[in-house]
Amino acid sequence: MPASVKLAVAAIGVLSALLLGMMFAVTGGDSDAASSAKQPGTSACVAGSGLRAGTVPNGWEADILAAAQTSGVPGPILAAQLEVESGWNPNAASTKGARGLAQFLPGTWQAYGQGSPTDPKAAIAAQGKYMAALLQAVSSVATSTGADKVVLALAAYNAGPGRITEYHGVPPFAETQAYVAKIPALAQQTYAGDCTQQAGGEVVVQVGPGQWASPLPGGILTSTFSMRWGVMHWGIDLAVAGGQVTAPTELLITWAGDHGDGYGTSVVGRTTDGTDLQMRFGHCAAGSTTLTTGSTAPAGSKLCDMGSTGDSTGPHLHFEIYTPGSPQNAYATSCGCAIDPLPILTGKGMSF
Ligand SMILES: [Zn+2]
């Protein structure tokens, strides 16, 4: 495709990522489990939907795209939810009386559905309407706890919205806990396409000579800087059992602690080697950092223990790099200054 078209497509991808990001007020949103070793976002997406081409059966992509627009829930999440609910079988029926692709109970169907719950198009449209209502229903719990709204809405779909209010979060039912863990992972692994057309492997910033330490020595790359579930993942994820988060190069610390922003216990610092990059290390174990603003962390020194605080469903390090001169403690979702850490790290002698 011509370069101009490519650019336009990339712009649309980033724009929709930004819009979705704002819609969900996701700041450090990162609900990926450390165990998901498969790298997402490596295949083409269905334009505008965030869905990986060829993964949604029977031409239902357009229906899912419409439901995503109705609800504000990323298309890959809705697709994964349908797989979990019915295995894509429009005639699926449960012993509790749930029917169709989206497994609506008769009372809920009466409120949100039109026609028959076994009509796939009607079922997906109703799924969008119901998820929109559930996002509204869980919004005060999400705001007061910092929990991911989409995860809470999924929990509400499984256990009923009253349970989210009752337990002030995802209720402690094994089935619901499994449901909210499985759907985002399945969305990432199977249904999310790469809509950004990132210039993969390109070095954006020259970081100068010398080697760096890995931000998580021994860590395995579990997620890349790419579109995920229809929204942009502004960093990379690394995970290893018992991981220690490490300063890749000397850092002047500008933030350490829990800011209630989705990143959990996190550390932010600027490189002192003249490159003036800003780095954010998210989801550290609670209380595992002793750093304070204004302190210096030498290259290779421990910043914190890998953890799962904030908006995270499994222990891992979420690592972001921002361009030189980016505003102090800026957020990737609003500053437009996050860059792909991977080529920088590999340029510094690391392999993942
Ligand atoms: Zn992440």
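Residues numbered from 1 in each chain as written. Predicted model: local features only at pLDDT ≥ 70, side-chain atom pairs only at ≥ 80, totals over all residues.

## Topic: the pairing of strand E10 (residues 278-284)
Counting buried residues along E10, seven of its seven residues qualify, which places the element largely inside the surrounding structure. Of the pairings in the sheet, the one linking strand E9 (residues 265-271) to E10 comprises five bridges and is antiparallel in character. Each bridged residue has a counterpart across the sheet, and for Gly 269 the counterpart in E10 is Met 279. In sequence, E9 turns back onto E10 through a hairpin of six residues, with Gly 274 there showing a positive phi of about 100°. Relative to strand E13 (residues 317-322), E10 runs antiparallel, the two sharing five bridges. Bridging across to E13, Phe 281 finds its partner in Phe 319. (Buried ≥ 20, exposed ≤ 12 C-beta atoms within 10 Å, placed from the backbone. Helix = DSSP H or I, 4+ residues; strand = E, 2+ residues; numbered from the N terminus. Pairing = 2+ DSSP bridges.)

## Re unusual backbone geometry
A positive phi is found at Asn 58, a non-glycine position, where the angle reads about 60°. Tracing the sequence through the fold places Asn 58 in the loop between strand E2 (51-52) and helix H2 (61-71). Residue class for Asn 58 comes out exposed when judged on the 9 C-beta atoms lying within 10 Å of it. Of note in the backbone geometry, Trp 88 takes a positive phi value of approximately 65° without being a glycine. Summarising the element assignment, Trp 88 is placed in the loop between helix H3 (75-86) and helix H4 (106-112).

## Looking at the packing of H3 against helix H8 (residues 174-191)
At a minimum axis distance of 8 Å, the contact between H3 and H8 shows a crossing angle of 115°. The two elements H3 and H8 cross, and the hand of that crossing is right-handed. Across the interface between the two elements, Pro 76, Ile 77, Ala 79, Ala 80, Gln 81, Glu 83 and Val 84 from H3 touch Tyr 179, Lys 182, Ile 183, Pro 184, Leu 186, Ala 187, Thr 190 and Tyr 191 from H8. Classifying every residue of the contact of H3 with H8 by side-chain character gives 11 nonpolar, two polar and two charged. (Axes fitted to C-alpha atoms, helices over the stretch in contact; angles between N-to-C directions. Left-handed = near helix turned anticlockwise from the far one by under 90°. Contact = placed C-beta atoms within 7 Å. Nonpolar A, V, L, I, M, F, W, Y, C, P; charged D, E, K, R; others polar.)

## Quick word on helix H5 (residues 120-145)
With 26 residues, H5 ought to run about 38 Å at 1.5 Å a step, and its terminal C-alpha atoms sit 35 Å apart, in line with that. Once H5 finishes, Gly 146 follows within two positions and takes phi at roughly 80°, a positive value. (Expected span 1.5 Å × (residues − 1).)

## Focus on the pairing of strand E8 (residues 251-258)
Remark: a regular strand shows side chains that alternate across the two faces of the sheet. Here E8 runs beside E9; their pairing, made up of seven bridges, is antiparallel. Note that in E9 the partner of Trp 255 across the bridge is Val 268. Hairpin geometry of E8 and E9 is characterised by an intervening segment of six residues between the two adjacent antiparallel strands and by a positive phi of about 65° at Gly 260. Relative to strand E11 (residues 296-297), E8 runs antiparallel, the two being bridged by two bridges.

## Observations concerning the environment of Gly 262
Structurally, Gly 262 is set in the loop between E8 and E9. Gly 262 sits in the buried class, given 25 other C-beta atoms within 10 Å. In sequence terms Gly 262 and Gly 310 are 48 residues apart; their C-alpha atoms lie 4.6 Å from each other.

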